[in-house]
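Here is how the chains run, residue by residue.
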Amino acid sequence: MARRKNKQTRKYKPRNEFRRNNSPTAGGHYNYVFGETETHYKSLGLTTHPRDDIRHYPLHKNPNPKDDRQAYLQLKVLNTKKNYFKPSEKNWSFAKEDMPVVRHRIKEYKKSVNRKPKNWYVNKRKWNSQKKNEHKKDR
């Protein structure tokens with residue numbers, strides 16, 4: 001018996017890198033890229049001067065090894081075209097204490113993106129029962 005081909009479940013390829021984002025929304029700040037699609041990167045912004053309208057988390061240590069200033073992780077996920085990004089930075093990394101926050105935010109984003117709309121399963125049952133009733137009438 002032939003094996004069924006598995007359906008693609010991931011919405012993006014995982015990444016673990018820091019890149020400069022020159023898009024109008026990011027304004028040249030560095031981003032932590034955690035996912036990639038064919039045309040876009042999924043990322044979290046990094047800044048040293050947080051904005052009031054975007055939730056942020058103060059990091060224990062700046063990911064840039066050459067910078068001593070206080071860094072903040074913006075908790076809003078950006079979905080930006082690849083052509084706005086520069087090549088990835090070497091030797092950048094989050095502190096051990098900051099990684100749980102980063103992983104939690106990525107997991108939270110995945111849950112919100114992969115979730116079905118409200119009452120989707122209830123409506124699916126209705127659609128299936130309607131199809132069964134139509135099939136019985138045709139007999």
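Above: the structure in question.
Residues numbered from 1 in each chain as written. Predicted model: local features only at pLDDT ≥ 70, side-chain atom pairs only at ≥ 80, totals over all residues. Heavy atoms only, no water.

Asker: Would you explain the overall build of the protein chain in this entry?
Answerer: From N to C terminus, the protein chain includes two helices and five strands. Along the protein chain, helices and strands appear, N-terminal first, in the series β-β-β-β-β-α-α. Taking the contacts inside the protein chain whose residues are at least 6 apart along the sequence as the reference set, 55% of them involve residues at least 24 apart. Summing over all exposed atoms, the protein chain offers an accessible surface of approximately 11100 Å²; the carbon and sulfur share of this is 48%. (Helix = DSSP H or I, 4+ residues; strand = E, 2+ residues; numbered from the N terminus. Contact = heavy atoms within 4.5 Å. Areas by Shrake-Rupley, 256 points an atom, 1.4 Å probe, with all protein chains shown as cover.)

Asker: Explain a positive patch on the surface here, please?
Answerer: Together, R10, K107, K110, K111 and R115 line one region of the surface with positive charge. Within the fold, R115 resides in the loop between α1 (99–114) and α2 (120–138). (Patch = residues over 30% accessible without salt bridge, like charges linked within 9 Å, V, L, I, M, F, W, Y side chains within 5 Å. Salt bridge = Lys/Arg side-chain N within 4 Å of Asp/Glu carboxyl O. Lys, Arg positive; Asp, Glu negative; His and termini not counted. Charge placed at Lys NZ, Arg CZ, Asp CG, Glu CD.)

Asker: Quick question: what am I supposed to make of the sheet that holds strand β5 (residues 72–81) here?
Answerer: Strand pairing in a sheet relies on backbone hydrogen bonds. The paired strands run either parallel or antiparallel. What the five strands build is an open sheet, ordered β1-β2-β3-β5-β4; its pairing is antiparallel. Since the sheet does not close on itself, it has two edges, and those belong to β1 (13–20) and β4 (56–58), each with one partner. Looking at each pair of strands side by side, their axes are set apart by 30° on average, direction ignored. As paired elements, β4 and β5 share three bridges and run antiparallel to each other. (Pairing = 2+ DSSP bridges. Axes fitted to C-alpha atoms, helices over the stretch in contact; angles between N-to-C directions.)

Asker: It is not clear to me how the side chain of E17 should be interpreted in this structure. Could you clarify?
Answerer: Relative to the elements of secondary structure, E17 occurs in strand β1. Side-chain polar atoms of E17 contact the side chain of R19, separated by 2.7 Å. Dropping the residues within four chain positions of it, E17 is found in contact with N31, Y32, V33, Y41 and S88. (Polar contact = N/O pair within 3.5 Å; in protein donor to acceptor, adjacent residues only side chain to side chain.)

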